[in-house]
Amino acid sequence: MLAPTSPPPMSMHEDPVLRAQIADEQAEAALLATQFSNLHLGTVNHCMFDAPQA
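Residues numbered from 1 in each chain as written. Predicted model: local features only at pLDDT ≥ 70, side-chain atom pairs only at ≥ 80, totals over all residues. Heavy atoms only, no water.

Asker: Please provide a residue-by-residue account of the overall build of the chain, values included.
Answerer: Within the chain one finds 1 helix and 0 strands. Within the span of the chain, comprising 54 residues, buried residues form 0% of the whole. Summed over all atoms, the accessible surface of the chain reaches about 5,500 Å², with 63% contributed by carbon and sulfur. (Helix = DSSP H or I, 4+ residues; strand = E, 2+ residues; numbered from the N terminus. Buried < 20%, exposed > 50% of the residue type's maximum accessible area, 1.4 Å probe, protein only. Areas by Shrake-Rupley, 256 points an atom, 1.4 Å probe, with all protein chains shown as cover.)

Asker: Got a sec to walk through a nonpolar patch on the surface? Specific residues and values, please.
Answerer: Where nonpolar side chains cluster on the molecular surface, the patch consists of Leu32, Phe36 and Leu39 and spans about 310 Å² of accessible area. Locating Phe36 in the fold gives a position in the segment after α1 (16–35). (Patch = residues over 30% accessible without salt bridge, like charges linked within 9 Å, V, L, I, M, F, W, Y side chains within 5 Å. Salt bridge = Lys/Arg side-chain N within 4 Å of Asp/Glu carboxyl O.)

What follows is the structure, given as structure tokens:
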């Protein structure tokens, strides 16, 4: 007797919940990009504990 197998996992195109989550992330990224297009974080401190070298 064969053991029952589970159905194959749904792809992104078949799973409505996954599609909605991806769309939400894309919409969020697009909105943030338009609202903060000129946001600059300044110099990144790559020399930890050595402020004059930052």
